[in-house]
Structure formats: C-alpha cells, structure tokens
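Chains, contacts and geometry: an overview
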Amino acid sequence: MATIQTVRGPVDSSELGRTYVHEHIFVLDPEIQENYPEEWGSELDRVADAVAQLTALCASGVRTIVDPTVVGLGRYIPRIQQVASQLPDFNIIVATGCYTYKDVPFFFHHRGPALSEALGYEVPDPMVDFFVRDIERDIADTGVRAGLLKCAIDQPGLTSGVERVMRAVAKAHLATGAPITVHTHPGTQQGLAVGRVMAEEGVEPHRVVLGHSGDTSDADHLSRLADAGFWLGMDRFGINIEFPFEARCDVVVEMCRRGYADRMMLSHDNACYIDWIDPNVRAFMTEWNYLHIGNDVLPYLREHGVSEAEVTTMLVDNPRRYFEGD
Ligand SMILES: [Zn+2]
C-alpha cells in the first residue's frame, strides 16, 4: 500500500488496477504549436477526442495510465486536467523530467553545473529543484503533483546533456522516492549505460523502468537487465514499422518462458495526438491505438503459452509494485 499522485489527486496503490505504464495523451512541440496552430485546430475538439479515446480504454478495463510527457515533449498540465475531469473512473499519473537525446534545453545551458568550472566550486543543478518541486508541491500551480521521473538515452549514448539530465533525475528520485522511467534504445544496449549512472548515483534498479525494452528480440540482453533488477518496459505495442507485431509479442513470450513475467510491464507509447508525425502517415498506423494490447496482443500471448496469471502480473501487479517501491 502506498499513496500515488494522479491528476485528480492521491489514490492508494491498490486502486491502480490494470495499468499501462507508458501512454502519452498529447505530444507536442509547443513553440511550433504557438506559431503554426493550423494542424492542431480546435482545443475543444482535441480535448474531446482525447476523452473519447481514453473513455474507450477505460471501458476495456484499464484503470490507469502513466503519462511520461515531460519538458521536451510538450507537457501542459491544465489540458490534461480538462481531460481527466471527464474521466471519473480513470487514473492518469503524470511525470516530471526532461526528454533529450543530446543536449539540455538552452534554458539550462548557463545555469547550475555549467557554471561550476568558471566559478571554481560545485553549483547545484536547478533541474533537480524543478523536478523535486513538481513531485513534492505541484506542477506550475495546477495542484497536480508528478508521480514519477523521466529521462532519455538513445542512439547517441551518454552525451553530456543526457548524463546531466539522468543525474538530475537520480538526485530528485533520492530526494523524493518517486520512481524513474527512462526512454532507452535496446538495439544499442543503452540500458547498460543507465545501469552505470544509476549505480553511481545510488539508485536501486528496482525503482527504474527501462522503457522501450520491447524494441528488440535480444532476450539475452533483456535477461541481463532484468537480472540486474530493472523493470523492462515492453511498451511500444502498435509501433510496428521497424519491429513488427509478431516480433514484439514473441520477445514477451520468450521472456515469460524464461521466468521474467515479474519484471515486464506492457504499454503502447501511444498519444491521442502527436505532432511529430505527418497525420497522413499516422493514419496508416492503425494498430497504434490504446486498445491494441487488449484486442490483439493479449490474445496472441495467451495463444503462445503466456498464462492468465502472468498477464495479471505484467498489467496489474508489476505497475503497483513499481510505484510502491517494494
Ligand atoms: Zn513515450
């Protein structure tokens, strides 16, 4: 039992139910939207569309989503509050952190550690204070508190900017106890770099989800990360362009066969609207929707030997344990 912060306030961890641990609602480039708003169109229509998509998800039995939309992905909590207020039986957990594959945002370029060398002493990173405030007080006076921390590492690896954010996330975790989710690139085994930094910062692996772990068929690599204690986010079901449906499912089947159902969590990394993709291309990605796991993935997993108990472990027990920090 633990208290979990959601957009509509605190809930007990026992109330999370079936949980998708990596689903966005809106992914936006705010500066583009402020200057070129044509594609976005009506705010009211976008919110209504999100409510409709998430109402269907809720009706399918999913009680909670974790929305790791942070700085760099267009986080805007008042819009999420509008959506959440129309979903009375549904929990949305939001995050704090910073999403970059290379540099920190320019805002941080000449603050904190960037000044340490010139000044001759260690200057603390203002990012840490931002993250801690989002978790312990609220986000931008909305009354909404972040429930977890997010950072990223992708093919460029542990650049100085990526490392700075990762260490700030680790420090905010140690100060608050909020768990961490990391966007990783398993094809280049970036989870190992996450492991090194987290170990240096004193973060326990069982407080960290290695997101996008399901983007690989390399079960040996995933087993190594799971053995180290990390959670594996098998969380991009429906993004089948480079890694097809069967391959995404088969690696979960294989990891269950190896006994790792208690280390995996499932999700889609979907968004009601994402401005990173041409809408004409997005329209062809028909499997990338919030109902895909329920409609297509779970039947496939069951047909290939994954038990009902393992499904419940991945969808209910593991997210609860991740947030409880047991
Ligand atoms: Zn994502």
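Located above this text is the structure these notes cover.
Everything in this summary refers to the structure shown in the same document. Just so you know, these numbers come straight off a predicted model, no measurement behind them.

What about the state of the cysteines?
All chains considered together, the criterion is met by 0 disulfides. Sulfur of C272: no disulfide; nearest cysteine sulfur belongs to C58 and is 13 Å away. On the accessibility criterion, C272 (9% relative accessible area) is buried.

Points about a negative patch on the surface
A contiguous patch of negative charge, built from E246, D250, E287 and D296, is present on the exposed surface. Relative to the elements of secondary structure, E246 occurs in helix α9 (residues 245–257).

Focus: the pairing of strand β5 (residues 64–67)
Of the two faces of β5, both are covered, the one formed by T64 and V66 as well as the one formed by I65 and D67. Pairing of strand β3 (residues 19–20) with β5, which is carried by 2 bridges, proceeds in the parallel orientation. The residue bridging Y20 from the neighbouring strand is I65, located in β5. With helix α3 (residues 77–84) bridging β5 and its parallel neighbour strand β6 (residues 91–97), the resulting β-α-β unit is right-handed.

Looking at the side chain of H268
Here H268 lies in the loop between β11 (264–266) and β12 (273–274). Within polar-contact distance, the side chain of H268 engages the backbone oxygen of N289 at 3.3 Å.

A word on the packing of aromatic side chains
Applying the stated criterion across every chain, the model contains 9 aromatic pairs. Their ring planes at 40° and their centres at 6.0 Å tell us that F107 and F130 sit as a pair that is tilted. Of this pair, F107 sits in the loop between β6 and α4 (116–119) while F130 is found in helix α5 (residues 126–136), placing the two residues 23 residues apart along the sequence. Assessed through its relative accessible area of 43%, F107 is described here as partly exposed. On the basis of relative accessible area, F130 is assigned to the partly exposed category, the value being 33%.

Side note on the nonpolar core
One recurring pattern in soluble globular proteins is that nonpolar side chains are buried together. If you look at the biggest cluster of nonpolar residues, it comprises 84 residues, and the most contacted ones within it are L54, I92, L266 and L301. Residues contacting L54, with those up to four places away along its chain left out, are I25, I65, V83, L87, F90, C272 and Y290. A2, Y99, M265 and F323 belong to the second-largest nonpolar core, a separate cluster that totals 25 residues.

Considerations on helix α2 (residues 43–59)
For α2, spanning 17 residues, the distance from its first C-alpha to its last is 24 Å, which sits close to the expected 24 Å at 1.5 Å a residue. Turning to α2, its buried residues number three or more, namely R46, V47, A50, V51, L54, L57 and C58. Looking down the long axis of α2, one finds its buried residues gathered within 135° of arc, a one-sided arrangement. Exposed side of α2, more than 90 degrees from the buried face: L44, D45 and A59 are the residues found there. In this structure, the buried residues of α2 make contact with β3, β4 (26–27), β5, α3 and β12. The backbone nitrogen of L44 lies 3.2 Å from a side-chain oxygen of the residue at the head of α2, namely S42.

Concerning the pairing of strand β2 (residues 9–12)
Across 4 bridges, strand β1 (residues 3–6) lies against β2 in antiparallel orientation. Considered in β2, the bridge of Q5 is made with P10. Between β1 and β2, which pair antiparallel in sequence order, lie 2 residues.

The rules behind these values
- Residues numbered from 1 in each chain as written.
- Predicted model: local features only at pLDDT ≥ 70, side-chain atom pairs only at ≥ 80, totals over all residues.
- Heavy atoms only, no water.
- Disulfide = S-S within 2.5 Å.
- Buried < 20%, exposed > 50% of the residue type's maximum accessible area, 1.4 Å probe, protein only.
- Patch = residues over 30% accessible without salt bridge, like charges linked within 9 Å, V, L, I, M, F, W, Y side chains within 5 Å.
- Areas by Shrake-Rupley, 256 points an atom, 1.4 Å probe, with all protein chains shown as cover.
- Salt bridge = Lys/Arg side-chain N within 4 Å of Asp/Glu carboxyl O.
- Lys, Arg positive; Asp, Glu negative; His and termini not counted.
- Charge placed at Lys NZ, Arg CZ, Asp CG, Glu CD.
- Helix = DSSP H or I, 4+ residues; strand = E, 2+ residues; numbered from the N terminus.
- Pairing = 2+ DSSP bridges.
- Right-handed = clockwise from strand over helix to strand, strands pointing away.
- Polar contact = N/O pair within 3.5 Å; in protein donor to acceptor, adjacent residues only side chain to side chain.
- Phe/Tyr/Trp six-rings, centres within 6.5 Å; stacked < 30°, edge-to-face > 60°.
- Core = buried A, V, L, I, M, F, W, Y, C linked by side-chain atoms within 4.5 Å.
- Contact = heavy atoms within 4.5 Å.
- Expected span 1.5 Å × (residues − 1).
- Arc of directions from axis to C-beta.

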